[in-house]
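# Report on the structure
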Amino acid sequence: MSRNAKINTLLLLLVAALAVLPLALGLGEGKEEPFTGADGQAESAITELKPDYEPWFSPLYEPPSAEIESALFALQAALGAGVLAYYFGVRRGRRQGAAAAAAAAAAPSPAES
C-alpha cells in the first residue's frame, strides 16, 4: 500500500469517526433538536441572557420549511466544493503541463543526435 493510499484511508476513517461517534455516544440525547446548527444555539443563548434583544437585521429570504432550508444549505456546500475542486484541478493541470514542457525542453531533439 502506497503512502498516499495509507493517508487517504486514515483520513476516510477519521471522517467516518467524526460522523458516527456523536451518534454512537448519544451526545444529542435529551435535547429537543439534538443536532441543530450553531445559529440556533446562539439564538437560544442570547434570548436566555437578554430576553428583550431584537436582531438588527432580518433575513432576505425565509424558506417555507426546514427541509428547504437544509436543501439550500446542501446546495451551497456542493457549489463551494465544486469551485474548490475545479480550482485544485486547474492548479494540478498547470503544474503537470509545466513539468511536461520542462521535460520536453530538457530532452534532446532527434535533429541534435
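Residues numbered from 1 in each chain as written. Predicted model: local features only at pLDDT ≥ 70, side-chain atom pairs only at ≥ 80, totals over all residues. Heavy atoms only, no water.

When helices and strands are tallied, the protein chain shows three helices and zero strands. For the protein chain, the N- to C-terminal ordering of α and β elements is α-α-α. A total of 113 residues make up the protein chain; the buried ones form 2% of that total. Surface accessibility of the protein chain: about 10400 Å² in total, with carbon and sulfur atoms responsible for 65%. (Helix = DSSP H or I, 4+ residues; strand = E, 2+ residues; numbered from the N terminus. Buried < 20%, exposed > 50% of the residue type's maximum accessible area, 1.4 Å probe, protein only. Areas by Shrake-Rupley, 256 points an atom, 1.4 Å probe, with all protein chains shown as cover.)

The end-to-end C-alpha separation of helix α1 (residues 3–24) is 30 Å, in line with the 32 Å expected for 22 residues at 1.5 Å each. In the structure, α1 departs most strongly from a straight axis at L18, where the bend amounts to approximately 30° and where the proline P22 lies between one and four residues downstream. At the C-terminal side of α1, G26 shows a positive phi close to 70°. (Expected span 1.5 Å × (residues − 1). Bend = angle between axes of the 7 residues up to and from the residue.)

Its boundaries defined by the atoms lining it, the second largest pocket holds a volume of some 210 Å³. Taken together, E43, I46, T47, Y53, P55, W56 and F57 make up the full set of residues lining the second largest pocket. (1 Å grid on protein atoms, 1.4 Å probe; cavity = no way out; pocket = protein on both sides within 12 Å on 5 of 7 lines; lining within 4 Å. Points joined across faces, edges and corners; volume = space filled by probe spheres on them.)

What follows covers a nonpolar patch on the surface. A surface patch of nonpolar side chains, amounting to about 680 Å² of accessible area, comprises L60, Y61, I68, L72, L75 and L79. Structurally, L60 can be placed in the loop between α2 (38–49) and α3 (66–106). Among the residues examined, L60 registers a relative accessible area of 92% and is labelled exposed. (Patch = residues over 30% accessible without salt bridge, like charges linked within 9 Å, V, L, I, M, F, W, Y side chains within 5 Å. Salt bridge = Lys/Arg side-chain N within 4 Å of Asp/Glu carboxyl O.)

Moving on to the packing of aromatic side chains. Under the criterion given, the structure shown has one aromatic pair. With 5.3 Å between their ring centres and 65° between their planes, Y87 and F88 make a pair best called edge-to-face. (Phe/Tyr/Trp six-rings, centres within 6.5 Å; stacked < 30°, edge-to-face > 60°.)

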